[in-house]
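Examination of the molecular architecture
Each chain is listed here by its residues.
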Amino acid sequence: MKFINAEVFVDGKFQKVDFEVKEDKFTLIKDGLTSDDHKDCVDCEGKLILPGFIDIHSHGCVGYDFISANVDEIEKMCEFYASNGITSILATTMTIDPEIHKQAMRNIKEAIDTKVKGSRIVGINMEGPFLGVDKRGAHDPKFLMDIDDNFFDELNQLSGNNIRIVDIDPKLPHSNEFIEKYSDSLTVSLAHTSCTYDTANKAIESGASHVTHLFNAMNGLHHREPGIVGAVSDNDVHAEIICDGIHIHPSVIRLMFKAESDKLILISDSMCAAGLEDGIYELGGQKVIVKDYKATLEDGTIAGSTVNVYEALKRAIHFGVPKEKAILSATMIPAKSIKAEDQIGSIAVGKKADFVILDQDYNIEKVYRDGLLI
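It should be emphasised that the depicted structure is a prediction, and the values quoted were computed from it without experimental measurement.

To continue, consider the overall build of the chain. Within the chain, the secondary structure is distributed over 10 helices and 23 strands. By the compact-globule yardstick of 21 Å for 374 residues, the chain fits well, its C-alpha radius of gyration being 20 Å. Summarising its shape, the C-alpha atoms of the chain cover approximately 65 × 45 × 40 Å along the three principal directions. In the chain, of all internal contacts separated by at least 6 residues, the share reaching a separation of at least 24 is 69%. Accessible area of the chain: about 15,300 Å², with a carbon and sulfur share of 46%. Looking at charge distribution, the chain has the averaged site of its 39 positive side-chain charges lying 3 Å from that of its 60 negative ones.

Listed below in structure tokens is the structure:
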């Protein structure tokens, strides 16, 4: 199948580039088309073509959660993600009873092995239980624990070694040893912590390369105590940002994209209410109230979001983030953060043919994964 006459997002900008899909990979058309080629050709005049979006931090959607969903429910979630142009995701777990966590890893492994329909599960983001109780957010404190290599290894083994991000509080005992041990094989992210700038820097020196939902569940930026935000500015790390207009004020979103756009990753941090209406839901075994699309625990603590990465991308552009920077933060930069940029995240020769066709107002018209319409 060949796609012509569209504005294609290539190398960080929109260009007129014709391409075709062969064996689920991209191939660029360099020498024009013959008359015979047009029978297998899609004319995308006036359309935008973007790489498939990537969400590396989503707990759930449409009534389901990766911590409790069976394979059939995971497939329903993946179909919802795909309908929003999200062709690759990290199934994100959270702090929960250890036996429930183990079963979640088994279920996600089965979903990966059976290649469920919709969005491709490229791995797991393990958010918890190695987090700080003082910045726990919506994580149940009774299941938080110090870093335990054996427990992590057991969960990873049950997952089929599919954990690609593990989130930790660098204040916890043994944190730097853990980072040094695992950072070569996966991404270690600093998360849910009141750590100082110096502690964050030491963790980064040990191999941490990622920060979970910047500004949320951490100390804020202060001119004498810069904390993790200052460490992000001073180091070559990636940082997630929840762009729903609730977790972070649009002014701060604009500021960070002006200062550090090449490091920022749009995430949803969505919980099971994403794609549904206001109501009463659950996250990590705790009651969540969703009103006006804001999800909170009963005490008012924000409990994830109800958006998806496609919506976050549109909101970022609406907030004033340059469209090119916003798109990179939903495609190439998250791919780099999990060391998958050789396969996904951009439209380039030899990469997986994951792409989204939109109109000029960023309304999705078609979604392709591995070159197939989904």
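So, next bit.
As summarised here, the arrangement of the 6 strands in space is β3-β2-β7-β21-β22-β23, forming an open sheet in which the pairing is mixed. Across the chains shown, the open sheet's two edge strands, defined by having one partner strand only, are β3 (13-16) and β23 (372-373). Inspection of the sheet shows strand β22 (residues 364-369) paired to β23 by 2 bridges, in the antiparallel sense. Paired with Tyr368 across the strands is Leu373, a residue of β23.

This structure, assessed with the given rule, holds 16 salt bridges. Between Glu154 and Lys102 there is a salt bridge; the shortest N-O distance is 3.3 Å. With Glu154 in helix α3 (residues 149-158) and Lys102 in helix α2 (residues 98-113), this pair connects stretches of sequence that are 52 residues apart. A residue is classified by how much of its surface remains accessible, and Glu154, at 34% relative accessible area, is partly exposed. Among the residues examined, Lys102 registers a relative accessible area of 13% and is labelled buried. Salt bridges linked by common partners bring Arg120, Asp354, Arg369 and Asp370 together as one network.

The 4 strands are arranged β5-β4-β1-β6 in an open sheet whose pairing can be described as mixed. The open sheet has two edge strands with one neighbour each: β5 (25-28) and β6 (41-43). Looking at each pair of strands side by side, their axes are set apart by 25 degrees on average, direction ignored. Sheet topology note: the strand β4 (residues 19-22)/β5 ladder contains 4 bridges and is antiparallel. Bridge pairing in β5 links Glu20 to Thr27.

One way to put it is that α3 packs onto helix α4 (residues 175-182) with a least axis distance of 12 Å and a crossing angle of 35 degrees. Both α3 and α4 take part in a crossing whose hand is right-handed. Contact residues: α3 offers Asp149, Phe152 and Asp153, while α4 offers Phe178, Lys181 and Tyr182. Here the contact of α3 with α4 is composed, by residue class, of 3 nonpolar, no polar and 3 charged.

Turning next to empty space enclosed by the protein. Where empty space is left becomes clear once a probe the size of a water molecule has been rolled over the atoms. As enumerated under the stated definition, the model contains 2 cavities of 30 Å³ or more in all. The calculated volume of the largest cavity comes to roughly 50 Å³. Around the largest cavity, the lining residues are Pro51, Gly52, Ile54, Thr87, Ser88, Ile344, Gly345, Ser346, Lys352 and Asp354. The residue makeup of the lining of the largest cavity, split by class, is 3 nonpolar, 5 polar and 2 charged. Estimated volume of the second largest cavity: approximately 30 Å³. Asp244, Ile246, His247, Tyr293, Lys294, Ala295, Gly304, Ser305, Thr306 and Val307 together form the lining of the second largest cavity. Here the lining of the second largest cavity is built from residues that sort into 4 nonpolar, 4 polar and 2 charged.

Residues Gln286, Val288 and Val290 of strand β19 (residues 286-291) are buried on one face, while the alternating residues Lys287, Ile289 and Lys291, pointing to the opposite face, are not. Bridge analysis of strand β18 (residues 279-283) against β19 gives 5 bridges, and the strand direction is antiparallel. Note that in β19 the partner of Leu283 across the bridge is Gln286. With antiparallel pairing between neighbouring strands as the criterion, β18 and β19 make up a hairpin whose turn holds 2 residues, including Gly284 at a positive phi of roughly 55 degrees. Of the strand pairs in this sheet, β19 and strand β20 (residues 294-296) are connected by 3 bridges, and their pairing is antiparallel. Considered in β20, the bridge of Lys291 is made with Lys294. The hairpin formed by β19 and β20 contains 2 residues between the paired strands, and Asp292 there has a positive phi angle of roughly 50 degrees.

Definitions and cut-offs
- Residues numbered from 1 in each chain as written.
- Predicted model: local features only at pLDDT ≥ 70, side-chain atom pairs only at ≥ 80, totals over all residues.
- Heavy atoms only, no water.
- Helix = DSSP H or I, 4+ residues; strand = E, 2+ residues; numbered from the N terminus.
- Rg over C-alpha atoms; globule rule 2.2 N^0.38 Å.
- Contact = heavy atoms within 4.5 Å.
- Areas by Shrake-Rupley, 256 points an atom, 1.4 Å probe, with all protein chains shown as cover.
- Lys, Arg positive; Asp, Glu negative; His and termini not counted.
- Charge placed at Lys NZ, Arg CZ, Asp CG, Glu CD.
- Pairing = 2+ DSSP bridges.
- Salt bridge = Lys/Arg side-chain N within 4 Å of Asp/Glu carboxyl O.
- Buried < 20%, exposed > 50% of the residue type's maximum accessible area, 1.4 Å probe, protein only.
- Axes fitted to C-alpha atoms, helices over the stretch in contact; angles between N-to-C directions.
- Left-handed = near helix turned anticlockwise from the far one by under 90°.
- Nonpolar A, V, L, I, M, F, W, Y, C, P; charged D, E, K, R; others polar.
- 1 Å grid on protein atoms, 1.4 Å probe; cavity = no way out; pocket = protein on both sides within 12 Å on 5 of 7 lines; lining within 4 Å.
- Points joined across faces, edges and corners; volume = space filled by probe spheres on them.

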